[in-house]
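Structural overview
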Amino acid sequence: MPLSHRSTLTQYLIEQRRRFPGASGDFNALILDVALAAKAIARAVAFGELGSHLDVQGDTRQPLDVVSNQLFTRMNDWGGHCAGMASEAMDEPYQIPPQHPRGKYLLVFDPLDGAGNIEVNLSVGSVFSVLRAPQAVVDSGRDVTAADFLQPGAVQVAAGYALYGPTTMLVLTVGNGVAGFTLDPNLGEFMLTHPHIRVPADTQEFAINASNSRFWEAPVKRYVDECLAGKTGTRCKDFNMRWIASVVAEVHRILMCGGVFLYPRDSKDPATPGRLRLLHEANPIGFIVEQAGGRASTGRQPVLGVQPTSLHQRIGLVFGSRIEVERIERYHTEPARDDLASPLFARHSLFRA
Ligand code: MN
């Protein structure tokens, strides 16, 4: 096979590391372990109903989300890079087993996002975030607690996702832009295919679960109404709507061709202000999108500035093309009288009065 002119993920990481002459190499090894987990999950997903996915201990057939969680923890707990992990699939932090050394990073992940898509053979993905473990954890080697993970997204060291679509891709930021890698099934290597991913600043596409519209807050309702009004409305252009029901696939689509995604805070379940998880989903996605020149927000503030208060905290999330996200943020700050311009909302007001 002729040598490819493309870089591998390993080459990319080595080149990135040269920017930090003092770096130990632990970080690169951690990312390569995450990439190995992604490759293993990609294989498990590819067999689908053929069901060759076994749990990592033996031969019991397990649901793919369970297998994916096992692969993520198993591939990353032995190398001495992690002080602990937090998975969307586990209530409590995962402790590095005592036979393995503990490292200086915290790995946070959603091992199989959009798992409902699996049954219908549509795209799913994994998303991950790398944080520094608090110094006290590194010094003592103690077990990690949920509090150790409660760091705002702005301090993430790296974030990325793997998308198991027609091809498997790994999209990564180490804080120096966003790079996309495509898994070469012949070599089993992630090859650099998208070196400088940028979200287009403007868009004519939005993604939202419209079945929740009766629960939306006024600024979101206003934004979507204006998109739907198209050329004849205040936006003076027609929009398309997309909904893939896997946030990893949604973020990938937006990185490739622009758009805005909303899973806003709504009134559907007053106990959970928002649907997506701050630490496992919103923060890594926010970091990636902002490193690609886009914007990620709760609607009220940049998502990366939110101080987490619990491990599985949920939050409203709006991300994508910068100009659209800024518009949605502006709608959240403008006085409510603007909403009366929407006849639908005015009717709601009448009922409420
Ligand atoms: Mn998820």
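Residues numbered from 1 in each chain as written. Predicted model: local features only at pLDDT ≥ 70, side-chain atom pairs only at ≥ 80, totals over all residues. Heavy atoms only, no water.

Attention now moves to the overall build of the chain. Along its length, the chain carries 9 helices and 14 strands. What you see for the chain is a C-alpha radius of gyration of 21 Å, in line with the 20 Å of a compact globule of 353 residues. When the backbone C-alpha atoms are referred to their principal axes, the chain occupies close to 65 × 50 × 45 Å. Sorting the 353 residues of the chain into buried and exposed places 52% on the buried side. For the chain, restricting intrachain contacts to residue pairs at least 6 apart in sequence, the fraction spanning at least 24 positions comes to 65%. Element-wise, carbon and sulfur atoms account for 53% of the exposed surface of the chain, whose accessible area totals about 16,100 Å². Positive and negative side-chain charges in the chain, numbering 34 and 36 respectively, have mean positions lying 6 Å apart. (Helix = DSSP H or I, 4+ residues; strand = E, 2+ residues; numbered from the N terminus. Rg over C-alpha atoms; globule rule 2.2 N^0.38 Å. Buried < 20%, exposed > 50% of the residue type's maximum accessible area, 1.4 Å probe, protein only. Contact = heavy atoms within 4.5 Å. Areas by Shrake-Rupley, 256 points an atom, 1.4 Å probe, with all protein chains shown as cover. Lys, Arg positive; Asp, Glu negative; His and termini not counted. Charge placed at Lys NZ, Arg CZ, Asp CG, Glu CD.)

Next up on the list: the coordination of the manganese ion. In this structure, Asp-110 (OD), Asp-113 (OD) and Glu-281 (OE) serve as the protein donors to the manganese ion, at separations of 2.0 to 2.3 Å. Positions of the donor residues of the manganese ion, expressed as sequence spacing, correspond to D-x2-D-x167-E. Linking Asp-110 in strand E2 (residues 105-113) with Glu-281 in helix H7 (residues 278-291), this pair joins segments that are 171 residues apart in sequence. The pair formed by Asp-110 and Glu-281 is uniform in burial state, with each residue classed as buried. (Donors = N, O, S within 2.8 Å, 3.2 Å for Na, K, Ca; no water.)

Glancing now at the side chain of Gln-156. Looking at the element boundaries, Gln-156 is found in the loop between helix H4 (135-140) and strand E4 (158-164). Within the structure, Gln-156 has its side chain in polar contact with the side chain of Ser-129 (distance 2.9 Å). At 3.0 Å, the side chain of Gln-156 and the backbone oxygen of Asn-283 are in polar contact. When neighbours within four sequence positions are excluded, Gln-156 is seen to be in contact with Ser-129, Val-130, Leu-131, Asn-283, Pro-284, Phe-287 and Leu-304. (Polar contact = N/O pair within 3.5 Å; in protein donor to acceptor, adjacent residues only side chain to side chain.)

The subject of this paragraph is the sheet that holds strand E12 (residues 295-297). Backbone hydrogen bonds are what pair the strands of a sheet, in a parallel or an antiparallel way. The strand order across the open sheet built from 5 strands is E9-E8-E10-E14-E12, with neighbouring strands paired in mixed fashion. Edge positions in the open sheet fall to strand E9 (240-242) and E12, since each of these has one partner strand only. Within this sheet the neighbouring strands show an average axis-to-axis angle of 15 degrees, counted without direction. Two elements, strand E10 (residues 260-263) and strand E14 (residues 317-320), share 4 bridges in a ladder whose sense is antiparallel. Along E14, the bridge assignment pairs Tyr-263 with Leu-317. Strand contacts of helix H8 (residues 322-333): E10, E12 and E14, with the helix running at about 25 degrees to E12, the strand carrying the most contacts. (Pairing = 2+ DSSP bridges. Axes fitted to C-alpha atoms, helices over the stretch in contact; angles between N-to-C directions.)

Next up on the list: the pattern of salt bridges. Evaluation of the coordinates by the stated rule reveals 15 salt bridges. A salt bridge links Asp-143 to Arg-102; the shortest N-O distance between them is 2.9 Å. Note that Asp-143 is positioned in the loop between H4 and E4 and Arg-102 in the loop between strand E1 (82-87) and E2, a separation of 41 residues in sequence. In this structure Asp-143 comes out as partly exposed when scored by relative accessible area, which is 41%. Measuring nitrogen to oxygen at the nearest pair gives 2.8 Å for the salt bridge that ties Glu-334 to Arg-222. Taken together, the residues span a long stretch of sequence, with Glu-334 in the loop between H8 and helix H9 (343-352) and Arg-222 in helix H5 (residues 218-229) at a distance of 112 residues. Among the residues examined, Glu-334 registers a relative accessible area of 25% and is labelled partly exposed. (Salt bridge = Lys/Arg side-chain N within 4 Å of Asp/Glu carboxyl O.)

Considering all chains together, one arrives at 8 aromatic pairs under this definition. With a centroid separation of 5.6 Å and 10 degrees between ring planes, the pair formed by Trp-243 and Phe-261 is classed as stacked. Taken as a pair, Trp-243 in the loop between E9 and helix H6 (247-257) and Phe-261 in strand E10 lie far apart in primary sequence, 18 residues in all. When its relative accessible area of 31% is taken as the criterion, Trp-243 is described as partly exposed. (Phe/Tyr/Trp six-rings, centres within 6.5 Å; stacked < 30°, edge-to-face > 60°.)

Our next topic: the confidence of the model for the chain. For the chain, the average pLDDT comes to 91, and 91% of its residues sit at 70 or higher. Confidence drops under a pLDDT of 50 for residues 345-353, and excluding neighbours within four residues, the segment shows 6 contacts in the predicted structure. (pLDDT = per-residue confidence, 0-100.)

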